[in-house]
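# Observations on the three-dimensional arrangement
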Amino acid sequence: MTHIELGVTGMTCTSCSSRVQRKLNKLDGVEAAVNYSTETATVDYDPSKVDVEQLLSTVRGAGYDAFVVQDKEPLLDDAAGAPSTDPLLTTTVWSAIVSLPVMLVSMIPTMQFANWQWAAFAATTLVYFSAGSVFHRATLTNLRHGSFTMDTLITLGTTAAYGWSIWALFFDGSDHIYLETVCVVITFLLLGRWFEHRAKGRSSEALRNLLDMGAKDAAVLRDGVEVRVPIAELRVGDHFVVRPGEKVATDGRVISGNSAIDASLLTGESVPVEVTEGAVVTGATLNTSGRLVVEATRVGENTTLAQMAQLVKDAQSSQAPVQRLVDKISQVFVPTVIVVALLALVGHLIAGQGVTQAFTAAVAVLIIACPCALGLATPTAILVGTGRGAELGLLIKGPEALESTGNVDTIVLDKTGTVTSGEMQVTGVYPARGWEEDEVWGLAGGVEKQSEHPIAQAIAAGTQPAEATDFVAEPGIGASARIDGHRIHVGRPTRDLGELAAAFDAAEAQGATAVAVERNGEPIGVIAVRDTVRADSAAAVAELKRMGLTPHLVTGDNAGAAEAVAREVGIEEVTAGVLPADKVDVVRSLQSAGKRVAMVGDGVNDAAALATADLGMAMGAGSDVAIEASDITLMHDSLGSAVDAIHLARRTLRTIKGNLFWAFAYNVLLIPVAALGWLDPMLAGIAMAFSSVFVVSNSLRLKGFKAQFGG
């Protein structure tokens, strides 16, 4: 089987992607998955049975355009533009400006002036043919391929209202016109389409942010001279220099030098790793102290950073498109409405009633079926729900995220920066016999206040540091300085700790980093430093359990630290020591066991797992890549905000389902009434307007949502 990726353009809803996928999978030897949000088709095919041209022609035959994606970056250029420059937004705005006076003059008799109907007709004609063309073109395309979608409903309803208004104005001389219906339906649905369009560039932004994270150039050694070259010109075997404060250009092996590498952007872990000659370093990590010379071992698409970008891309592409309820029902609903309208027309004619009465009954059916409430059901609830979420610092990225919250039963929690604060703090000072805690801590702080290492800063910040001189950093060992004539060493033990050995081992067993303090070579104390658990994490975990979710802690940290945190917050399931790709495997293994998985994380290392999970939630202080790859962004950096987000998303989903039920129920009840000729088109318009008011009012109830953990 050969793997290929196609770009697919012209899709307007998830039913479009489903149709393209069905067409491709009907070909012999083809397995395809089409993603509407990324506008791509991932295809595995047998070259002996089908070729690329057949794949492209199949997509085009379904009514869309297709092209072969040559590399991983072309789609980045096609990401959705800034909302302020989006032409769809421009259309929505001017359509609203034109529609507002039409609605006001049509519904408020005191505002009506001489020949107001003709002014309203001119404005409505502009909206119908220009702004509404977005839906009308899609309808024609879908009809040519025998498919009915939301676009078909919009065109059907607005055309019925517009056509009846023309009849009433030109031939009947009646004031029973429905021009405001045409304007309001098109404008509101354009607004919903724009919100959907805004969300479509998320995956491209995530990939772009990943690629931008790496270094842009490197100082390569050529004949002993440093030459600054673009990262694309770096080759395996090149030796390059990394100074303090610079990013490592690519994956490699340290040839000379000592330093501490901050890998938090990639690993999510807060403690820099000491590296010396022979150590392996990863591209895009930060050199915090000494000068390093590194030999490049992997470049380009083979680097860890590039592979993580591909993980995010693959995870997003592998997710099956969410079939919206509206699109599913419209496949049956639209042709049913058309048949009912035709039967009403023919039935009244056979019964001997006049053409006008027969036509009135048929138009009443089409107007009552106009999908104003149907079109407003989802976007208004999303608009209010996400707006309320934004006020609370909970950013929900569209209906797919809402649908996922209703199904998840397992939640995977990253440890560092999610359950814990990501900041190192002293959690215990254990002095030797004859020493006080404050004495040991003060001496250690005097040494460490001159170091930039996070552990050193945590020790210095928690005490009144003693005055120190003659500071010496000892890479991989610690640091020392002279205080009151004595040499104080802080770091790894240089000799047997004696009575302090038990405290040192116990601290490390509990997941802390244990630091020995020595005076003139004699151990005088042990200091335990660890990443502290967030204040609301235990309560949040308890609430997640009450909501029916099983929490699972996953981290790149050691097992001792992970188990200690898990015990503190009440989590039973723990997976420690995992690499970024392993986090994806953890999520997939849970999914393969039949679980619906939510994931909460903050680092770049979490991005692929966030995209793989059924529901991804990213902490707002985390990396941009994690945020873009997620479905929900939590701006408060609190695990409790994840609980609030799930509560809000589930309530918004219930509101959407209630709206859709009403939108369809009033159709089911009133279409037969209209078909029997018992419902005047004007009353049909009023009923339709009432259903819209109900849907909007129901959605506005979401503004009263209260956060349990703050906001």
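Computed from a predicted structure; not experimentally measured.

Okay, the pattern of salt bridges next. Per the counting criterion, the structure on display carries 17 salt bridges. Two residues, arginine 495 and glutamate 522, come together in a salt bridge whose shortest N-O distance is 3.4 Å. Here glutamate 522 lies in strand E21 (residues 522-533) and arginine 495 lies in the loop between strand E19 (486-491) and helix H18 (501-509), a separation of 27 residues in the sequence. Owing to a relative accessible area of 46%, glutamate 522 belongs among the partly exposed residues under this scheme. Where aspartate 614 meets arginine 596, a salt bridge forms, and the shortest distance between an N and an O atom there is 3.5 Å. One end of the pair, aspartate 614, is in the loop between helix H22 (607-612) and strand E25 (615-619); the other, arginine 596, is in the loop between helix H21 (580-592) and strand E24 (597-601), and 18 residues separate them in sequence. Look at aspartate 614 and you get buried, because its relative accessible area is 19%. Looking at arginine 596, the relative accessible area reads 35%, which means it is partly exposed. Each of Asp217, Arg228 and Glu246 takes part in a single network of salt bridges with overlapping partners.

With that out of the way, let us pick up the packing of helix H3 (residues 87-107) against helix H4 (residues 116-131). Packing of H3 against H4 leaves a shortest axis separation of 10 Å and a crossing angle of 155 degrees. One element, H3, and the other, H4, form an angle in the roughly antiparallel class. In this structure, H3 crosses over H4, and the sense of that crossing is left-handed. Here H3 contributes Thr91, Trp94, Ser95, Val98, Ser99, Val102, Val105 and Ser106 to the contact with H4, which in turn contributes Trp116, Ala120, Ala123, Thr124, Leu126, Val127, Ser130 and Ala131.

This paragraph deals with the packing of aromatic side chains. If you walk through the whole model with that rule in mind, you get 11 aromatic pairs. Ring centres 5.8 Å apart and planes at 25 degrees place the aromatic pair tryptophan 164 and phenylalanine 359 in the stacked group. Residue tryptophan 164 is found in helix H6 (residues 150-172), and its partner phenylalanine 359 is found in helix H12 (residues 355-368); the two are separated by 195 residues along the sequence. Taking the relative accessible area as the measure of exposure, tryptophan 164 reaches 7% and is therefore buried. Relative to phenylalanine 359, the ring of tryptophan 167 lies with its centre 5.8 Å away and its plane at 50 degrees, an arrangement referred to as tilted. Taken together, the residues span a long stretch of sequence, with tryptophan 167 in helix H6 and phenylalanine 359 in helix H12 at a distance of 192 residues. Judged by relative accessible area, which is 32%, tryptophan 167 ranks as partly exposed. Among the aromatic residues, those joined into a cluster by ring pairs are Trp118, Phe121, Tyr128, Phe129, Tyr162 and Phe170.

Here we come to the environment of valine 643. Here valine 643 lies in helix H24 (residues 639-675). Accessibility expressed as a relative area gives 0% for valine 643, which makes it buried. Distance in space between the C-alpha atoms of valine 643 and alanine 707 is 8.9 Å, their sequence separation being 64 residues. Apart from residues lying up to four places away in sequence, valine 643 is in contact with Ala540, Glu543, Leu544, Met547, Gln708 and Phe709.

Once that is clear, we can look at the packing of H4 against helix H5 (residues 133-144). Two elements in contact, H4 and H5, have axes whose closest approach is 5 Å; the angle formed by their N-to-C orientations is 45 degrees. What the angle tells us is that H4 and H5 run oblique. Contacts between H4 and H5 involve Tyr128, Phe129, Ser130 and Ala131 on the former and, on the latter, Ser133, Val134 and His136.

This next bit is on the sheet that holds strand E9 (residues 259-262). Strand order across the open sheet formed by 3 strands is E10-E9-E12, with antiparallel pairing between neighbours. Of all strands in the sheet, those bounded by a partner on one side alone are strand E10 (273-275) and strand E12 (286-287). With 3 bridges joining them, E9 and E10 adopt antiparallel strand pairing. Of the residues in E10, the one forming a bridge with isoleucine 261 is valine 273.

Let us look at the UniProt feature "transmembrane region" (unreviewed entry) in the chain. Mapped onto this numbering, the UniProt entry gives "transmembrane region" (unreviewed entry) at residues 88-110, 116-136, 148-170, 176-195, 332-352, 358-384, 660-679 and 685-702. Helix makes up 95% of residues 116-136 and strand makes up 0%, while its end C-alpha atoms are separated by 27 Å. In the segment residues 660-679, helix accounts for 80% and strand for 0%; the C-alpha atoms at its two ends are 23 Å apart.

We now examine the side chain of threonine 405. Secondary-structure assignment places threonine 405 in helix H14 (residues 399-405). Apart from residues no more than four positions distant in its own chain, threonine 405 is found in contact with Leu615, Ile632, Ala649 and Arg650.

This part covers the nonpolar core. Ile411, Leu413, Val600, Met617 and Leu634 are the most contacted members of the largest nonpolar core, which has 95 residues in total. Here this core gets 16 residues from one element, more than from any other, and that element is H24. With near-sequence residues (within four places) excluded, methionine 617 lies in contact with Ile411, Ala598, Met599, Val600, Gly601, Leu610, Ser630, Ile632, Leu634, Ala642, Ala645 and Ile646. Among the nonpolar cores identified, the runner-up in size contains 22 residues, and Val440, Ala458, Val517 and Val529 belong to it.

A few words on the pairing of E21. Most of E21 sits out of view: 11 of its 12 residues are buried. Bridge analysis of strand E16 (residues 420-431) against E21 gives 8 bridges, and the strand direction is antiparallel. When the sheet's bridge partners are listed, methionine 424 is paired in E21 with aspartate 531. Pairing geometry for strand E20 (residues 513-519) and E21, over 7 bridges, is antiparallel. Across the sheet, residue threonine 513 finds its bridge partner in E21, namely valine 529. The hairpin formed by E20 and E21 contains 2 residues between the paired strands, and asparagine 520 there has a positive phi angle of roughly 55 degrees.

Within the chain, asparagine 115 stands out as a residue other than glycine whose phi angle is a positive 60 degrees. One can find asparagine 115 in the loop between H3 and H4. Judged by its relative accessible area of 54%, asparagine 115 falls in the exposed class. A positive phi angle is found at asparagine 520, which is not glycine, with a value near 55 degrees. One can find asparagine 520 in the loop between E20 and E21. On the accessibility criterion, asparagine 520 (44% relative accessible area) is partly exposed.

In any sheet, the strands associate via hydrogen bonds between backbone groups, in a parallel or an antiparallel arrangement. A sheet is described by the order of its strands in space; here 6 strands give the open sequence E6-E5-E7-E13-E8-E11, paired in antiparallel fashion. The open sheet terminates on both sides in strands that have one partner only, identified here as strand E6 (225-230) and strand E11 (280-281).

Reading guide: rules and limits
- The written sequence of each chain sets the order in which its residues are numbered from 1.
- Only residues with pLDDT of at least 70 are given local features in this predicted model, and only at 80 or more are side-chain atom pairs given and counted; all residues enter the totals for whole chains, interfaces and linings.
- Note: side-chain values were computed over all heavy atoms of the structure, leaving out hydrogens and water.
- Basic side-chain nitrogens of Lys or Arg form a salt bridge, by our definition, when they fall within 4 Å of a carboxyl oxygen of Asp or Glu.
- Labels follow the DSSP assignment, with helices taken as runs of H or I lasting at least four residues and strands as runs of E lasting at least two, numbered in each case from the N terminus.
- Accessibility here uses a 1.4 Å probe with only protein chains present; expressed as a share of the type maximum, an area under 20% marks a residue as buried, one over 50% as exposed, and anything in between as partly exposed.
- Throughout, an axis means a line fitted to C-alpha atoms (over the contacting stretch in the case of helices), and angles, computed between N-to-C directions, take values from 0 to 180 degrees.
- Should an angle fall under 35 degrees it is called roughly parallel, over 145 degrees roughly antiparallel, and 65 to 115 degrees roughly perpendicular, with every other angle called oblique.
- Whether a crossing is left-handed or right-handed is set by the direction in which the near helix is turned from the far one by less than a right angle, anticlockwise for left-handed and clockwise for right-handed.
- Pairs of residues are marked as contacts when any of their non-hydrogen atoms sit within 4.5 Å.
- In this scheme Phe, Tyr and Trp rings, the latter by its six-membered ring, pair at centre separations within 6.5 Å, and the angle between planes marks the pair as stacked below 30 degrees, edge-to-face above 60, and tilted otherwise.
- A pair of strands is considered paired only if DSSP assigns at least 2 bridges between the two.
- UniProt positions are given in the numbering used here, feature names are shortened, and annotations may be inferred rather than shown by experiment.
- Buried residues of nine kinds, namely Ala, Val, Leu, Ile, Met, Phe, Trp, Tyr and Cys, make up a nonpolar core once their side-chain atoms join them within 4.5 Å.

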